[in-house]
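Residues per chain are reported as follows:
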Amino acid sequence: MNGYDFLQIFMALFVLVLLTPILGAFFHKSLSGKSTLLSKVAAPFEKLVYVVSGVDEKEEMDWKQYLKAILAFNLVGFLFVFFVLLFQGSLPLNPAKLPDLSWHLAFNTAVSFMTNTNWQSYAGEATMSHFSQMVALAGQNFFSAATGLSAMLVLVRAFKNNQSKKLGNFWVDINRSIIYILLPLSILWSVLLASQGVIQNLSAPVTVKTLEGKEQVIAQGPVASQIAIKQLGTNGGGFFNTNSSHPYENPTPLSNFLELLALLLIPAALTLTFGYMMNKPKEGWILFSAMMIVLVLGLTVSLWSEHQQGVYSAMEGKEVRFGVTNSILWSTFTTAASNGSVNAMHSSLTPLAGGMAMLNMLFGEVIFGGVGCGLYGMLLYVLLTVFIAGLMVGRTPEYLGKKIEAFDIKMAVIGILAPSFVILFGVAFSLITPSVMSSLMHKGPHGFSEIFYAFTSAAANNGSAFAGLSANTPILNTLLGVAMLIGRFAVMIPVMALAGNIAGKKIMPESVGTFRTDNFLFVFLLVGVIVIVGALTFFPALSLGPIIEQIALIQGKVL
Amino acid sequence: MKQKMLTKEMYIQAIVDSFAKLNPKTLIKNPVIFITAIGALITTVILLSHSFNWFECQIALWLWFTVLFANFSEAIAEGKGKAQAESLKKSRTQSVARLLKNGKESKINATELRKGDLVVCESGDVIPADGEIVEGLASVDESAITGESAPVVRESGGDRSAVTGGTRVLSDRIVIKISVDPGEGFLDRMISLVEGASRQKTPNEIALSLLLSALTLVFLAAVVTLKFFADFAGETVTIPVLVSLLICLIPTTIGGLLSAIGISGMDRLIQKNVIALSGRAVEAAGDIDILLLDKTGTITHGNRMASEFIPAPNIGEKEMYRLAYMASMSDDTPEGKSIIEFAKNKYSELQDTNLGESEFVPFTAQTRMSGINQGKVQVRKGALDAIEKHVASLGGHMPAETIRAAENIARSGGTPLVVCENERVFGVIYLKDVVKNGIRERFLELRKMGIKTIMITGDNPLTAASIAAEAGVDDFMAQATPEMKLKRIREEQEKGHLVAMTGDGTNDAPALAQADVGVAMNTGTQAAREAGNMIDLDSNPTKLIEIVETGKQILMTRGSLTTFSIANDVAKYFAIIPALFAGLYASGAQSGPLSALNVMNLQSPESAILSAVIFNALVIVALIPLALRGVAYKAVGAKALLQRNIFIYGLGGLITPFIGIKLIDVLINLI
């Protein structure tokens, strides 16, 4: 590694830290209905939505009503995308005359975008019409991110409420998330990316004659706008098959930096939004620090592993324009953030760096994680930490003044562990199912990593692919679709139930006997619990994939 | 009830019980150990199904040991309680009761007594059931329950009227109104509590069990799927080895010791002569952040003694003494008695005072006065403001000198009692009260634990403030009535605090019931003893502090051992995973890549797995003393406690198994 590598890492992390409190405060104001710089422009649109939809913005919901609204909204979103994809051949804005999708691909894709996963079993430019991209997929890019954010708000309000079951209004939350946060940032990012040469048009593919005299078809489309929300909304579903390593998606070092930053921007800022909402910014910084520490640890291990191989030897599968360090920064950020866009093929990372990408997801996407869901997932870990550590000071554990009791632990544990079961059993089932095994490109540890990565990515709602797995088969589309659904809702539903329970509790006053969560000792504990609980479950599996591969690589063995 | 040491018989009994607890119905109550037992069973079946394999035999044996060790920890914790219950049962011998019906005595069996019956007890009689003395006074030997051999005085009226079945009357004759039906008596409840028969899991214990069960499930998933992963990799792993991995990963340490921690916690309280009527209360005690303490008896010695009579202007000294004497004649509180004594010492002729036709006016918390009515003459004594109101209502007024005298008394920490006859004020009685030695330090300690103390007293604000300052409490409630106490508890609970209090009087009962932890004094009334969720047999109100410590200790022990248990897993992985897959992709004599993870350099795959399993079993035994004793508690604040426990049990839990497994591996290979 040279000075430029360190500079790039430093810049990415520094700007992220710098923007976190600014955006965090802005999100807090926007989501709480307070006036901001943007209010003049955006507030009329917000009100307009209420008028048109007939939503009473003062009316608050309890957790069950809120959850019903989320589920209904997601179901409608799923059905819409599913049918658009199923009949896209007959729909407008299809200059490339792309055909209808198969039922299983439509199912997988609709689930994928609805759950903020953006797992893609298809090549974007060769499968999706402009209509499908702009209306169906981009719509869910906004809605799934806003759904995660709204669910997060419910849990935050639950901690804030002193014995009140009212947890806000889903329609208001989702509306504000989109109008004040996702849309403005997407517009800003679209313009910035377009300025770097990311294309934005509605044209049909262009056929050109190359220097070699061969014909090449170059896909066109509304790329800049799609990429902006893809990066910002922790979605990750690229316009092109090669995602952000495609020159139309990511043409320059600046566009790469902007897209890299956008991966973590909103999830990071939401830690501080949480802090401001609780009126305890320090608690927000605590979560931010814990996430940052795990992120940097993973980044360090990955970079170490990659640079072991010398500057050039690890270049296979990486974009020459970006090099090793930028590829690893991206692979770490995208798996930490539950985004899943890539600028290098993860299958081609060194085994350990690939393993760290998996581990980031296996933690449950809480290292910043998805928009909203990263924070609520992290709060589940916080409750677990508070419970174990809180007992050690001789009191019923409490967090932010709320006692953590049996029901809360039950919900937290379900939310943390449910995806683990999906991953473990999904992979085990696949390994004994010949129709799945025929999709693997490799045998041995790398083949194991391919299938393990796929289920991890789906269950963690990340969406990145390891490459090497031919996923567009009826069985894998269905299995992974179900994994994504469980990965999303087996966490979100317990979180909502938890919020309902926490909201009704009294806020206990602090004393010197209280276990404090706003110091570095707690950060240390939290990181310890995430690493131990998250990694212990998967150590045997990882040892048969990336770990054995890495050791063999060091020993100079070919497996 | 004094501490029972662990005897040889108790160990033998516990070993027998550990086998009895292999009953699946008992095992299933503890999911972690239940899974361990199933693992042991599977390994045994596999062992028996093929030709003898010494390695699998050892695994099977150690897995059974793991289960037995966990059972043993519970059995030994229960054993202490059982021994105590045995000695209690001896005092529950069949006794004959002397039933009093319509003034006639008849002998019936004590078990036939019902609530509301009246019985007579004379010296030598065993009190047949719990009740309240309605007539008479007696000295009672309560050693059967309290272990204290000095007899106590029980008398009708006041707060020392409750008697307990199974105790013995030493002198005099009393009539007792029975307050419980057979089998529900204090002694019966105590026996079942001590035995642990009625033990229910406490809220934190339930939450922790849930977490442990979930971890067990996820490790089960990890191990079951590992079989498929290994098959894909081309490595055969045997079931006994997978079972070993599973048992090493699931939290057997805390799972095995969990119930022992709870049982021994209750047991430690019993050794301190506190009977907790529910485990929930013991746990709540650890959470207490506000302590309501009665001034009298807790903070001060309580015997407020008359030390001076200060007559009002124009009142003769003898006149004042006579009135004070009269006002106290029907007052059987220690204060009343001390006034009588004081007056008699000066003017012995007062002894012959004849009240004639007169009516006793008892002290009530509302009027805060007591005295007698003799025809139209109303003699009263009471707090300054109460008397002031009283004389004002009759058209009199309080002389300024008397007010000044009363205020002086209050300021110096004493209690002024003003005496009046009708509208005429006669003077002030100076009652002196002394703060206990060492109580100030106790409160300082409580503050460090994050507990606020509130002193409750019937005294006026001035008196209360002076004593509060001397004792170093955080807050005080002066002129407190039972209603105010109850209200204050509700208010504090509304704000999210958990409140503990002690009490003995009948009027304390509502507050005792409302408090999260209500400790009733054994000397108290039956009503108080029923309302509280703990009973202190020593009737020592400062005991609350020890109760809080015990509550905290139980939680700390659970948390620390959970941390230890989970941290242990890291080392176990480094022992078992390389052992499992050492042969994977091995070429010739060189072992496979994963043997690089064998950082402990364990001899062979078999000895590595066996060492991990043996360590896992032995660590339970090694920690039994800690589970029974509890993690040490020091009043140093949450942060320091946490740092200490994380260091010992977190870091220790991470490192210890590396050393332990390595040592066992070396030993195995020596043999």
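Just above sits the structure.
The rules behind each value
- Residues numbered from 1 in each chain as written.
- Chains lettered and ligands numbered in written order.
- Predicted model: local features only at pLDDT ≥ 70, side-chain atom pairs only at ≥ 80, totals over all residues.
- Heavy atoms only, no water.
- 1 Å grid on protein atoms, 1.4 Å probe; cavity = no way out; pocket = protein on both sides within 12 Å on 5 of 7 lines; lining within 4 Å.
- Points joined across faces, edges and corners; volume = space filled by probe spheres on them.
- Helix = DSSP H or I, 4+ residues; strand = E, 2+ residues; numbered from the N terminus.
- Contact = heavy atoms within 4.5 Å.
- Buried area = accessible area lost by both parts, 1.4 Å probe.
- Salt bridge = Lys/Arg side-chain N within 4 Å of Asp/Glu carboxyl O.
- Polar contact = N/O pair within 3.5 Å; in protein donor to acceptor, adjacent residues only side chain to side chain.
- Nonpolar A, V, L, I, M, F, W, Y, C, P; charged D, E, K, R; others polar.
- Phe/Tyr/Trp six-rings, centres within 6.5 Å; stacked < 30°, edge-to-face > 60°.
- Buried < 20%, exposed > 50% of the residue type's maximum accessible area, 1.4 Å probe, protein only.
- Axes fitted to C-alpha atoms, helices over the stretch in contact; angles between N-to-C directions.
- Parallel < 35°, antiparallel > 145°, perpendicular 65-115°, else oblique.
- Left-handed = near helix turned anticlockwise from the far one by under 90°.
- Expected span 1.5 Å × (residues − 1).
- Core = buried A, V, L, I, M, F, W, Y, C linked by side-chain atoms within 4.5 Å.
- Patch = residues over 30% accessible without salt bridge, like charges linked within 9 Å, V, L, I, M, F, W, Y side chains within 5 Å.
- Areas by Shrake-Rupley, 256 points an atom, 1.4 Å probe, with all protein chains shown as cover.
- Pairing = 2+ DSSP bridges.
- Right-handed = clockwise from strand over helix to strand, strands pointing away.

Student: Just to check I follow, could you spell out empty space enclosed by the protein for this structure?
Tutor: Empty space among the atoms becomes apparent when a probe as large as a water molecule is rolled across them. Residues and elements named next belong to chain A. All chains considered together, the criterion is met by 11 cavities of 30 Å³ or more. The space that makes up the largest cavity amounts to roughly 210 Å³. For the largest cavity, the lining is made up of 20 residues, of which Gly364, Glu365, Cys373, Gly487 and Val491 are closest to its centre. When contributions to the lining of the largest cavity are tallied by element, the ones reaching two or more residues are helix H14 (373-391), helix H15 (406-431) and helix H18 (474-503). In terms of residue count, H14 provides more of the lining of the largest cavity than any other element does, 6 residues in total.

Student: How should I be thinking about the interface of chain B and chain A in this particular structure?
Tutor: When the parts of a complex come together, some accessible area is lost, and that lost area is often taken as the interface size. Opposite the 67 residues of chain B that make contact, chain A presents 61 residues. For the pair chain B and chain A, the summed buried surface comes to about 5300 Å²; carbon and sulfur atoms form 79% of the total. Interface area lost by chain B to chain A is led by B:Phe229, B:Phe232 and B:Leu642, which between them contribute 14%. Measuring nitrogen to oxygen at the nearest pair gives 3.3 Å for the salt bridge that ties B:Asp287 to A:Lys403. Linking chain B with chain A are 8 residue pairs in polar contact (both at pLDDT 80 or more), by the criterion used here. For the side of chain B that touches chain A, the elements supplying multiple residues, two or more each, are helix H7 (203-233), helix H10 (279-287), helix H16 (439-448), helix H18 (482-494), helix H21 (543-581) and helix H23 (638-670) of chain B. Sorting elements by how many residues they give to the side of chain B that touches chain A places H7(B) first, with 22 residues. Looking at side-chain class alone, the side of chain B that touches chain A contains 40 nonpolar, 17 polar and 10 charged residues.

Student: How do you make sense of the packing of aromatic side chains when you look at a structure like this?
Tutor: Centre-to-centre distance and the angle between the planes together describe a pair of aromatic rings. Residues and elements named next belong to chain A. A full pass over the atoms with the stated rule returns 32 aromatic pairs over all chains. With a centroid separation of 5.7 Å and an interplanar angle of 15 degrees, the aromatic rings of Phe78 and Phe82 are classed as stacked. You can see Phe78 and its partner Phe82 sitting in helix H3 (residues 63-86), 4 residues apart, about one turn around the helix. Its relative accessible area of 15% is what places Phe82 among the buried residues. Ring pairs connect the aromatic residues Tyr66, Phe73, Phe143, Phe170 and Trp171, which therefore count as one cluster.

Student: Would you explain the environment of A:Ala43 in this entry?
Tutor: All names here are of chain A. With respect to the helices and strands, the residue Ala43 is situated in helix H2 (residues 39-53). A C-alpha to C-alpha distance of 38 Å links Ala43 and Asn360, two positions 317 residues apart in sequence. For Ala43, the residues in contact, after removing those within four places along its chain, are Leu38 and Tyr180.

Student: Can you help me understand the packing of helix H20 (residues 539-555) of chain A against H7(B) in this one?
Tutor: Working note: a packed helix pair is described by the angle between its axes plus the distance between those axes. Running from amino to carboxyl end, H20(A) crosses H7(B) at an angle of 15 degrees, the nearest separation of the two axes being 10 Å. Comparing their axes, H7(B) and H20(A) come out roughly parallel. Regarding H20(A) and H7(B), the two cross each other, and that crossing is left-handed. Contact residues: A:Pro540, A:Ala541 and A:Leu544 in H20(A); B:Leu226, B:Phe229, B:Ala230 and B:Ala233 in H7(B). Classifying every residue of the contact of H20(A) with H7(B) gives 7 nonpolar, no polar and no charged.

Student: How should I be thinking about helix H19 (residues 520-536) of chain A in this particular structure?
Tutor: Because the α-helix completes a turn every 3.6 residues, residues three or four places apart line up on one side. Residues and elements named next belong to chain A. For H19, spanning 17 residues, the distance from its first C-alpha to its last is 24 Å, which sits close to the expected 24 Å at 1.5 Å a residue. Taking burial as the measure, the 17 residues of H19 include 12 buried ones, the bulk of the element. When we look at burial in H19, the residues that qualify are Leu521, Phe522, Val523, Leu525, Leu526, Val527, Val529, Ile530, Val533, Gly534, Ala535 and Leu536.

Student: Which parts of the structure should I look at to understand the layout of surface pockets?
Tutor: Residues and elements named next belong to chain A. Of the voids in this model, the second largest pocket is the one considered here, and its volume is about 760 Å³. If you go around the second largest pocket, you meet 24 residues; those closest to its centre are Met356, Leu359, Ala535, Phe539 and Ile547. It is H20 that provides the largest number of residues to the lining of the second largest pocket, a total of 6 residues.

Student: What is the right way to look at the pattern of salt bridges in this model?
Tutor: Two side chains bearing opposite charge may form a pair once their charged atoms approach each other closely. Taken as a whole and judged by the stated rule, the model has 35 salt bridges over all chains. In this structure, the salt-bridge partner of A:Asp173 is A:Arg157, at a minimum N-O distance of 2.8 Å. With A:Asp173 in helix H7 (residues 170-195) and A:Arg157 in helix H6 (residues 130-160), this residue pair connects regions lying 16 residues apart in the sequence. On the basis of relative accessibility, which here comes to 1%, the residue A:Asp173 falls in the buried class. Residue class for A:Arg157 comes out buried when judged on its relative accessible area of 16%. Among the ionic pairs, B:Arg322 bridges to B:Glu319, the shortest N-O distance being 3.3 Å. Within this pair, B:Arg322 and its partner B:Glu319 are both found in helix H12 (residues 317-328), separated by 3 residues, close to a single helical turn. For B:Arg322, a relative accessible area of 27% gives the class partly exposed.

Student: Would you take a moment to explain the nonpolar core for this structure?
Tutor: One recurring pattern in soluble globular proteins is that nonpolar side chains are buried together. Counting residues in hydrophobic clusters, the biggest one holds 330 residues, and the most contacted among them are A:Trp189, A:Tyr399, A:Phe452, B:Phe229, B:Met534 and B:Phe581. With near-sequence residues (within four places) excluded, A:Tyr399 lies in contact with A:Phe159, A:Phe274, A:Glu283, A:Leu287, A:Leu379, A:Val382, A:Leu383, A:Val386, A:Ile404 and A:Thr517. With 24 residues, the next largest nonpolar core counts B:Ile315, B:Ala324, B:Tyr325 and B:Phe426 among its residues.

Student: I would appreciate a short explanation of the packing of helix H9 (residues 252-271) of chain B against helix H22 (residues 605-629) of chain B in the present structure.
Tutor: Residue and element names in this part refer to chain B. The contact between H9 and H22 brings their axes to 9 Å, and the two run at 20 degrees. Accordingly, the angle class assigned to the pair H9 and H22 is roughly parallel. Classified by chirality, the crossing of H22 by H9 is right-handed. Residues Thr252, Thr253, Leu257, Ala260, Ile261, Ser264 and Arg268 of H9 form the contact with H22, whose participating residues are Asn616, Val619, Ile620, Leu623, Ile624, Ala627, Leu628 and Arg629. A class-by-class count of the residues in the contact of H9 with H22 yields 9 nonpolar, 4 polar and 2 charged.

Student: What am I meant to see in a nonpolar patch on the surface here?
Tutor: A cluster of nonpolar residues, A:Tyr4, A:Leu7, A:Phe10, A:Met11, A:Phe14 and A:Leu18, forms a patch on the protein surface that exposes about 650 Å² of accessible area. Counting through the fold element by element, A:Phe10 comes out in helix H1 (residues 3-31).

Student: Even after reading the chapter, I still don't get the sheet that holds strand S9 (residues 274-276) of chain B, so can you show me in this structure?
Tutor: Consider a sheet: its strands pair through backbone hydrogen bonds, and that pairing is either parallel or antiparallel. Residue and element names in this part refer to chain B. Taken together, the 7 strands give an open sheet; going across it, the order is S9-S21-S20-S19-S10-S17-S18, and neighbouring strands pair in mixed fashion. Single-partner strands in this sheet number two, and they are S9 and strand S18 (475-477). Averaged over neighbouring strand pairs, the angle between their axes works out to 20 degrees when direction is ignored. Note: strand S10 (residues 290-294) against strand S19 (residues 499-503), 3 bridges, orientation parallel. By the bridge assignment, Leu292 is partnered in S19 with Met501.

Student: Looking at this model, I keep getting lost on the pairing of strand S20 (residues 517-521) of chain B. Mind explaining?
Tutor: Residue and element names in this part refer to chain B. For S20, a buried count of 5 out of 5 residues is recorded, marking the element as mostly surrounded by other parts of the structure. Burial along S20 is two-sided: the residues Val517, Val519 and Met521 and Gly518 and Ala520 are all buried. Both S19 and S20 contribute to a ladder of 4 bridges, which runs parallel. Bridge pairing links Gly503 to Ala520 in S20. For the handedness criterion, the β-α-β arrangement of S19, helix H19 (residues 509-514) and S20 is classed as right-handed. One ladder, built from 3 bridges, connects S20 with strand S21 (residues 534-536); its direction is parallel.

Student: Honestly, the sheet that holds strand S15 (residues 415-421) of chain B in this entry has me stumped. Any pointers?
Tutor: Residue and element names in this part refer to chain B. Taken in spatial order, the 6 strands line up as S11-S16-S15-S14-S13-S12 in an open sheet, and their pairing is antiparallel. Of all strands in the sheet, those with a lone pairing partner are strand S11 (305-311) and strand S12 (359-361), marking the two edges. Adjacent strand axes in the sheet meet at a mean angle of 20 degrees when their direction is disregarded. One ladder, built from 6 bridges, connects strand S13 (residues 369-374) with strand S14 (residues 377-382); its direction is antiparallel. Opposite Gly371, over in S14, you have Arg380 as the bridge partner. Packing against the sheet, helix H13 (residues 334-346) makes contact with S11, S14, S15 and strand S16 (424-432), and its axis sits at approximately 60 degrees to S11. In this fold helix H14 (residues 384-393) packs onto S13, S14, S15 and S16, with an angle of close to 155 degrees to the strand it touches most, S14.

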